[in-house]
Amino acid sequence: MTHVITQSCCNDAACTAVCPVDCIQPAPGTPGFAAAEMLYIDPATCIDCGCCVPECPVDAIRPDVDLPPSLAHFAQLNAGYFDGRRPGPVPPRSVRAPSLALDRRLRVAVVGAGPAGLYAALDLLETGGSGVAVDVYDRLPTPGGLIRYGVAPDHPSTKLAAEAFAVHARDPGLRFRFGVEVGTDVTPAELARAHDAVVYAVGAAGARSIGVPGEDLPGSLPAARFVAWYNGHPEAGDRDVDLSGTRAVVIGNGNVALDVARVLVSDPALLATTDMAGHALDALGRSRIREVLVVGRRGPLQAAFTTAELTALERVPGVDVLADREELALTPAEQRLLAADPVLRARYEVLLRLATRPPGGPARKRIRLRFLARPVRVLGSDAVTGVRLRRQEKRDVDGVVTFRPAGTTSTVGAGLVLGSVGYLTPPLPGLPYDADRGVVRNADGRVVDGSGRAVPGAYVVGWAKRGPSGVIGTNKHCAAVTAGHLRADAAAGRLTPPEEPPQWLDALLAERCDRLTDWAGWRRLDRHERAAGQAVGRPRVKVTSLPDIWRIAGRAG
């Protein structure tokens, strides 16, 4: 028997540290870890000790003999990763002990209570012990960030990562202040006056434009806004999205694009067992959408979705997932790339299977994966009626695959267009900004000015640091790198001690913030939502109105 890592893998990588035979790859510090879709267990070297199972925060590791049919293909996916390769040397492990030895307590602010910010806070507390105090600020009254408002409702295992953070929330060195918007309620300079260092984990809430005429028409919106809507983000509102048409088009082919396509054609009765927002459940119950086109401008090997998310589409009841065999053709350079990469090969084999599978009957809904098609216009006058696509062609130039528009265009009728071409971090007043990358300007987590000089005491983690890449657990390694720089700067005396005591900032926030709550307030809201969910057979019923959230959470003590 061996163990298998399945779809809900979040790349937290805690499992790699306890494996006695280093059979879980790629591990932090090894090639490929930062860009890995997921982690894999080598069946040839796994000794079935089970040490990794309790370490996984999202219950993604299972014995191969206990895999249900819906997850059975992950055994082959894990084994396939090691085709032609064996685990390389793993960097030496060491037991982490408090490593900061200062003559005073270090005070750190973390801006953002999503996974990146919480990983950073926990890393600093773990390595600093009682010598570090961390205050976490967030503009929303709820922690979790991407876990609460980004992960698809039908992926409940992925949301379990939030429970791992909750275990540490009562650390005496950790304090939460929800309802504080940095840049509005308090400036970065004021925050710096009361802390030795500030770590910005503000995420990437902005959506990149698809950049074509007509994208501002009613019925055309960023996929990020649609995700926030069905996940009950309080700033997304409960206004219905128009689902009266029979076809939707999603521009882009990353994991978010597959998420929204899957949600649009899923059985509302199944979604009703999740924590999806009530207003979204009502709207999807009335939806007339029968087909979703997921459109990518490049080829199948360049698609950004993962194998795990692609195979998840196949398991949606009552839905056919289709691809065009002609659009899956590969150039010689792509064939060489495919031969050298088992992860890419596994994903391509799934696409080939979809391209040869005959569609079901007319009663079934469809997701159609399109490649080599670039949007040139969203059609309509008062509302969306369709999308005009231009065919792309590809060829090898000096061994590199290139893409360029071909002459032919086609029109696809649709009543809903969702742009899913990436996220960016909006500029934060008082912080250097890299407009080209859409991130806080930084050098490996140290915030830098326009000339590349480090801004003393300012750091960044997560998507605001590296752009929208990776999964939840990717932020753990990302945060550890930034926290390491912060510790090094503290040890070298490069951090300026706070000018003001904590009470000064507390008084400032009490005066400026209309609403302010803490972890105890979040727990009141959490209990309320879980109790409401238990009454109707759901994990929780989310409160989506800000006034109601504040009423239930109450003010900070």
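Definitions and cut-offs
- Residues numbered from 1 in each chain as written.
- Predicted model: local features only at pLDDT ≥ 70, side-chain atom pairs only at ≥ 80, totals over all residues.
- Heavy atoms only, no water.
- Helix = DSSP H or I, 4+ residues; strand = E, 2+ residues; numbered from the N terminus.
- Buried < 20%, exposed > 50% of the residue type's maximum accessible area, 1.4 Å probe, protein only.
- Contact = heavy atoms within 4.5 Å.
- Phe/Tyr/Trp six-rings, centres within 6.5 Å; stacked < 30°, edge-to-face > 60°.
- Salt bridge = Lys/Arg side-chain N within 4 Å of Asp/Glu carboxyl O.
- Pairing = 2+ DSSP bridges.
- Disulfide = S-S within 2.5 Å.
- Axes fitted to C-alpha atoms, helices over the stretch in contact; angles between N-to-C directions.
- Core = buried A, V, L, I, M, F, W, Y, C linked by side-chain atoms within 4.5 Å.

1. A closer look at the environment of Arg177
Here Arg177 shows up in strand E7 (residues 174-178). Its relative accessible area of 11% is what places Arg177 among the buried residues. Taking the C-alpha atoms as reference points, Arg177 and Ala406, separated by 229 residues in sequence, lie 54 Å from one another.

2. Topic: the environment of Ala194
Of note, Ala194 is situated in the loop between helix H7 (188-193) and strand E8 (197-200). Residue Ala194 is classed as buried on the basis of its relative accessible area, which comes to 0%. Taking the C-alpha atoms as reference points, Ala194 and Asp506, 312 residues apart in sequence, are found 9.8 Å from one another. For Ala194, the contacting residues outside a window of four places in its chain are Arg107, Pro498, Glu500, Trp504 and Leu505.

3. Side note on the packing of aromatic side chains
What the rule picks out here adds up to eight aromatic pairs. Here the aromatic residues Tyr40, Tyr81 and Phe82 are joined through ring pairs into a cluster of three or more.

4. Concerning the pattern of salt bridges
By the definition in use, this model includes 34 salt bridges. Where Glu291 meets Arg247, a salt bridge forms, and the shortest distance between an N and an O atom there is 2.7 Å. Of this pair, Glu291 sits in strand E12 (residues 291-295) while Arg247 sits in strand E11 (residues 247-251), placing them 44 residues apart in sequence. Between Arg494 and Asp489 there is a salt bridge; the shortest N-O distance is 2.8 Å. Put simply, Arg148, Glu163, Arg523, Asp526, Glu529, Arg530 and Arg540 are held in one network by salt bridges that share partners.

5. Here we look at the environment of Ala283
As for its placement among the helices and strands, Ala283 is situated in helix H11 (residues 278-286). Placed 40 residues apart in sequence, Ala283 and Leu243 show a C-alpha to C-alpha distance of 7.4 Å. What Ala283 contacts, discounting residues up to four positions off in sequence, is Trp229, Asp240 and Leu243.

6. Re the sheet that holds strand E23 (residues 446-448)
Taken in spatial order, the seven strands make up an open sheet running E7-E6-E5-E8-E24-E23-E22, and their pairing is mixed. In this open sheet, the two strands that pair with only one neighbour each are E7 and strand E22 (442-443). In this structure, strand E5 (residues 106-111) lies alongside E8, joined through four bridges in parallel fashion. Looking across to E8, one finds that Val111 is bridged to Tyr200.

7. Remarks on the state of the cysteines
Scanning the entire structure with this criterion turns up zero disulfides. No disulfide involves Cys9; its nearest neighbouring cysteine sulfur is the one of Cys10, lying 6.1 Å away. According to the relative accessible area criterion, Cys9 is buried, its value standing at 12%. Counting only cysteine sulfurs, Cys49 is the nearest neighbor of Cys52, a cysteine outside any disulfide, at a range of 6.2 Å.

8. Examining the sheet that holds strand E18 (residues 416-419)
Taken in spatial order, the six strands make up an open sheet running E10-E18-E11-E12-E14-E13, and their pairing is parallel. Each end of this open sheet is capped by a strand with a single partner; those strands are strand E10 (220-222) and strand E13 (319-323). Taken over all neighbouring pairs, the strand axes of this sheet differ in orientation by 20° on average, direction set aside. In the packing of helix H14 (residues 342-356) onto the sheet, the strands contacted are E13 and strand E14 (365-370), and the crossing angle to E13 comes to about 105°.

9. Overview of the nonpolar core
Ile24, Val134 and Leu486 are the most contacted members of the largest nonpolar core, which totals 68 residues. Here the element with the most residues in this core is helix H3 (residues 115-128); it accounts for seven residues. Here Val134 is in contact with Val108, Val110, Ala121, Leu124, Leu125, Gly173, Leu174 and Arg175, once residues within four sequence places are set aside. Grouped together as the second largest cluster of nonpolar side chains are 51 residues, Ala261, Leu310, Leu338 and Leu369 included.

10. Description of the pairing of E13
Most of E13 is tucked away, with five of its five residues classed as buried. The two faces of E13 match: Val319, Val321 and Ala323 on one face and Asp320 and Leu322 on the other face are all buried. Of the strand pairs in this sheet, E13 and E14 are connected by five bridges, and their pairing is parallel. Looking across to E14, one finds that Leu322 is bridged to Arg368.

All we've got here are geometric facts, nothing functional implied.
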